[in-house]
Amino acid sequence: MKPAENYKLWIDGQEIDAEGGEYFAVIDPGCGEQVGLTARGKSADIDRAVFAAHKAFYSQGWYGLKPYERGRLMLKLAEKINSERDHLAKLLSLENGKPLRESYDEVETTVRNFEYYGGWADKVHGRVVPISNEVLDYIRLEPLGVVGHIIPWNYPLDIFARGVAPCLAIGNTVVAKPAEETPLSTLEIARLSGEVGFPAGVINVVSGYGKEAGAALAAHVGIQGLAFCGSIETGKQVLRAAVENITPIVSLELGGKSPLIIFPAADVEKAASAGAHSILYNTGQSCGCLSRVLVHADMLENITQQIKDILAHVRLGTWDTDADMGPLVSQGQLERVLNYIQVGLNEGAKLVSGGRRVESGSFGRGFFVEPTVFTDVLPGMRIVDEEIFGPVLGIMTFETEAEAIQIANGSKYGLSAEVWTRDLSQAHRVAAQLDVSHVTINGGGGFGIEAPFGGVKQSGFGREGGWESILQYSRVKNIWVNL
Ligand code: NAD
């Protein structure tokens with residue numbers, strides 16, 4: 001395995017330089033030092049990658065395989081990723097800053113995605129439509145062709161795998177553009193796909209900047225599907241580009257401002273812990289981060305205190321220190337989070353924990369911020385209306401169940417929500433009324449790759465995970481046979 005030094009593009013089964021010959025640096029967010037260089041792919045490189053993916057698709061070198069053969073290769077890749085997990089987890093932590101423990105979780109999810117969808121490859125059945133005894137009418141689920149994936153930096157491997165694995169299972173070929181902050185681990189997986197025998201051109205990965213490589217991929221006339229995960233603003237640009245080409249399938253996952261609703265019948269200690277840990281995990285840089293805590297007014301003091309107590313003992317640190325929370329991913333993200341903290345103060349929210357950049361000693365070289373909690377937060381304040389994407393919680397209160405639902409739904413986002421109550425009738429009643437695509441009741445992790453996940457409202461559309469992903473990345477063909 002290569003050390004984290006110079007990485008090239010992975011196109012047509014080979015490591016190649018970008019056509020312009022340029023490289024850019026990938027930075028360790030914990031210390032600001034360079035981890036390695038990666039090739040700066042641009043529009044010409046996206047052309048090369050889409051061409052290679054086309055060739056691989058239309059030569060039948062992938063879709064033409066027997067479905068179980070595709071599945072078997074995907075399982076081999078899963079096994080290979082698992083055997084290289086130490087290196088991959090380290091590389092992911094180096095480029096993203098997350099604690100090694102969390103990178104191992106993410107590598108495991110990546111393995112699971114290739115296993116799970118490898119298993120689907122030979123189980124994608126069509127349907128027979130009953131028309132008459134003189135007609136055999138049947139429906140086939142076929143691949144789209146080449147699918148583009150634009151990946152963010154918060155869960156680079158997970159989001160790559162959850163989109164790419166279902167595409168491959170059904171016979172599509174792919175071009176992925178990882179985020180500029182975190183391209184290395186994805187390039188490494190692409191290389192491993194070559195080692196286990198994936199045909200050239202089935203998986204292509206082009207590192208580069210969003211405005212160059214990302215925009216070129218979104219606007220490419222040669223792609224038949226596009227999966228994007230990132231900010232609303234970039235999502236709009238990507239969607240506009242897709243409209244120009246009438247790209248038939250677009251999936252947008254644009255983050256959230258997910259509510260954690262704690263009712264009086266909750267296990268209060270566990271619910272408070274869920275809130276605190278939600279901003280610690282991945283330093284709050286998760287689309288499903290429970291950054292709006294809604295508590296019954298009578299419980300405000302107790303829950304705020306419990307969250308503060310947990311956060312008071314948090315150990316910050318670089319990826320290799322077994323810290324509870326790592327740095328933010330970049331200088332830009334650090335500035336964004338600090339700016340939102342200032343916005344919260346200006347809006348009149350009460351800062352009850354954290355709120356500052358951590359700069360003592362070697363922390364000053366990285367992008368560390370204290371886990372931060374605001375109370376006296378009201379609907380309409382920017383800190384609970386906008387996605388901060390950092391370790392910042394806003395705690396709000398409600399008096400009735402109806403009010404809790406109203407506050408929870410009063411967001412332009414609609415990704416996920418978490419409800420805590422031991423009253424099962426209440427749990428299901430509330431879950432049914434929440435304007436989101438995914439509800440967790442009483443914690444426990446909340447997300448399985450075997451189940452669909454995606455957005456409603458401005459959190460986007462399309463579903464990743466489970467059978468729904470297979471449907472998303474396939475197209476329906478109807479065949480009428482006159483008997
Ligand atoms: P972004 O949306 O700009 O970047 C996400 C991906 O899109 C990256 O691969 C990037 O290179 C690419 N990209 C950027 N501009 C593009 C363009 N014009 N055309 C095509 N692709 C393009 O997000 P960001 O700037 O990295 O982060 C800003 C904010 O976005 C974050 O603070 C957070 O709120 C949100 N975000 C959300 C998620 C999520 O999981 N939903 C992930 C990352 C960021």
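Everything numeric here is computed off the predicted structure, so don't read it as measured data.

(A) Spotlight on the pattern of salt bridges. On inspection of all chains with the given rule, the structure shows 30 salt bridges. Between R40 and E22 there is a salt bridge whose closest N-O contact spans 3.2 Å. Residue R40 is located in the loop between β5 (34–39) and α1 (43–58), and its partner E22 is located in the loop between β3 (14–16) and β4 (23–27); the two are separated by 18 residues in the primary sequence. The exposure class assigned to E22 is partly exposed, which follows from its relative accessible area of 29%. Here D322 and R101 are joined by a salt bridge, their closest N and O atoms 3.2 Å apart. Highlighted residues: D322 in the loop between α10 (300–312) and α11 (331–347) and R101 in helix α4 (residues 100–120), separated in sequence by 221 residues. It is possible to trace a salt-bridge network through shared partners that takes in K80, E84, E188, R191 and E195.

(B) Quick look at the nonpolar core. Of all hydrophobic cores here, the largest spans 55 residues; its most connected members are I81, F114, F160, L168, F198 and I203. With 10 residues, the top contributor of residues to this core is helix α5 (residues 156–170). Beyond its immediate sequence surroundings of up to four residues, L168 is in contact with W62, R70, M74, F114, V174, F198, V202 and I203.

(C) Region of the structure containing α1. With 16 residues, α1 ought to run about 22 Å at 1.5 Å a step, and its terminal C-alpha atoms sit 22 Å apart, in line with that. When α1 is considered as a whole, its buried residues turn out to be D45, I46, A49, V50, A52, A53, A56 and F57. The arc enclosing the buried residues of α1, seen along the axis, measures out at 160°, which places them on a common side. When the buried face of α1 is taken as reference, the exposed residues oriented beyond 90 degrees from it are F51 and Y58. Its buried side turned inward, α1 meets β2 (9–11), β7 (135–143), β8 (146–150), β9 (173–177), β10 (203–205) and α7 (210–218). With its phi angle positive at about 65°, Q60 sits one or two positions after the end of α1.

(D) Fine view of a nonpolar patch on the surface. A grouping of V128, L136 and L483 is seen on the molecular surface, where their side chains present a nonpolar patch of about 300 Å² in accessible area. On the secondary structure map, L483 appears in the segment after β25 (474–482). What makes L483 exposed here is its relative accessible area of 65%.

(E) Layout of the site of the ligand. With respect to spatial proximity, 27 residues lie near the ligand, and among them I151, W153, K177, E180 and S231 are the closest. A distance of 3.4 Å separates an oxygen atom of the ligand from a polar backbone atom of G210. The side chain of E253 places a nitrogen or oxygen atom 3.5 Å from a nitrogen atom of the ligand. Protein burial of the ligand: of its 820 Å² of free accessible surface, 89% is covered by the chains. Counting only elements with at least two residues in the shell around the ligand, the list comes to α7, β11 (225–229), α8 (232–245) and α11. Here the residues of the shell around the ligand sort into 13 nonpolar, 9 polar and 5 charged.

(F) Broad picture of the sheet that holds strand β6 (residues 127–132). Pairing within the open sheet is antiparallel, and its 3 strands lie in the order β6-β7-β25. Two strands close off the open sheet at either side, each with one partner strand: β6 and β25. With direction set aside, neighbouring strand axes in the sheet form an average angle of 25°. Direction of pairing for β6 relative to β7: antiparallel, over a ladder of 4 bridges. Across the sheet, residue R127 finds its bridge partner in β7, namely I139.

(G) Layout of helix α6 (residues 184–195). Its 12 residues give α6 an end-to-end C-alpha distance of 17 Å, which sits within 8% of 16 Å, the value for a rise of 1.5 Å per residue. Counting buried positions along α6 yields 10 of 12 residues, so the element is predominantly enclosed. Residues L184, S185, T186, L187, E188, I189, A190, R191, L192 and S193 constitute the buried set of α6. Backbone geometry just after α6 places G197 at a positive phi near 105°.

(H) Examining the pairing of β5 more closely. Pairing of strand β1 (residues 6–7) with β5, which is carried by 2 bridges, proceeds in the parallel orientation. Across the sheet, the residue bridging to N6 is L37, located in β5. Of the pairings in the sheet, the one linking β4 to β5 comprises 5 bridges and is antiparallel in character. Within β5, the residue paired with V26 across the bridge is G36. Where β4 folds back onto β5 in an antiparallel hairpin, the turn is made up of 6 residues, including G32, whose phi is positive at roughly 75°.

(I) Local environment of the packing of α4 against α5. At their nearest, the axes of α4 and α5 sit 9 Å apart, and the two run at 5° to each other. By the angle between their directions, the pair α4 and α5 is classed as roughly parallel. Contacts from E106, V107, T109, T110, N113, F114 and Y117 in α4 reach P156, L157, D158, F160, A161, R162, V164, A165, P166, L168 and A169 in α5. When its residues are assigned to classes, the contact of α4 with α5 shows 12 nonpolar, 3 polar and 3 charged.

Parameters and conventions
Residues numbered from 1 in each chain as written. Predicted model: local features only at pLDDT ≥ 70, side-chain atom pairs only at ≥ 80, totals over all residues. Heavy atoms only, no water. Salt bridge = Lys/Arg side-chain N within 4 Å of Asp/Glu carboxyl O. Helix = DSSP H or I, 4+ residues; strand = E, 2+ residues; numbered from the N terminus. Buried < 20%, exposed > 50% of the residue type's maximum accessible area, 1.4 Å probe, protein only. Core = buried A, V, L, I, M, F, W, Y, C linked by side-chain atoms within 4.5 Å. Contact = heavy atoms within 4.5 Å. Expected span 1.5 Å × (residues − 1). Arc of directions from axis to C-beta. Patch = residues over 30% accessible without salt bridge, like charges linked within 9 Å, V, L, I, M, F, W, Y side chains within 5 Å. Areas by Shrake-Rupley, 256 points an atom, 1.4 Å probe, with all protein chains shown as cover. Near = heavy atom within 4 Å. Polar contact = N/O pair within 3.5 Å; in protein donor to acceptor, adjacent residues only side chain to side chain. Nonpolar A, V, L, I, M, F, W, Y, C, P; charged D, E, K, R; others polar. Pairing = 2+ DSSP bridges. Axes fitted to C-alpha atoms, helices over the stretch in contact; angles between N-to-C directions. Parallel < 35°, antiparallel > 145°, perpendicular 65-115°, else oblique.

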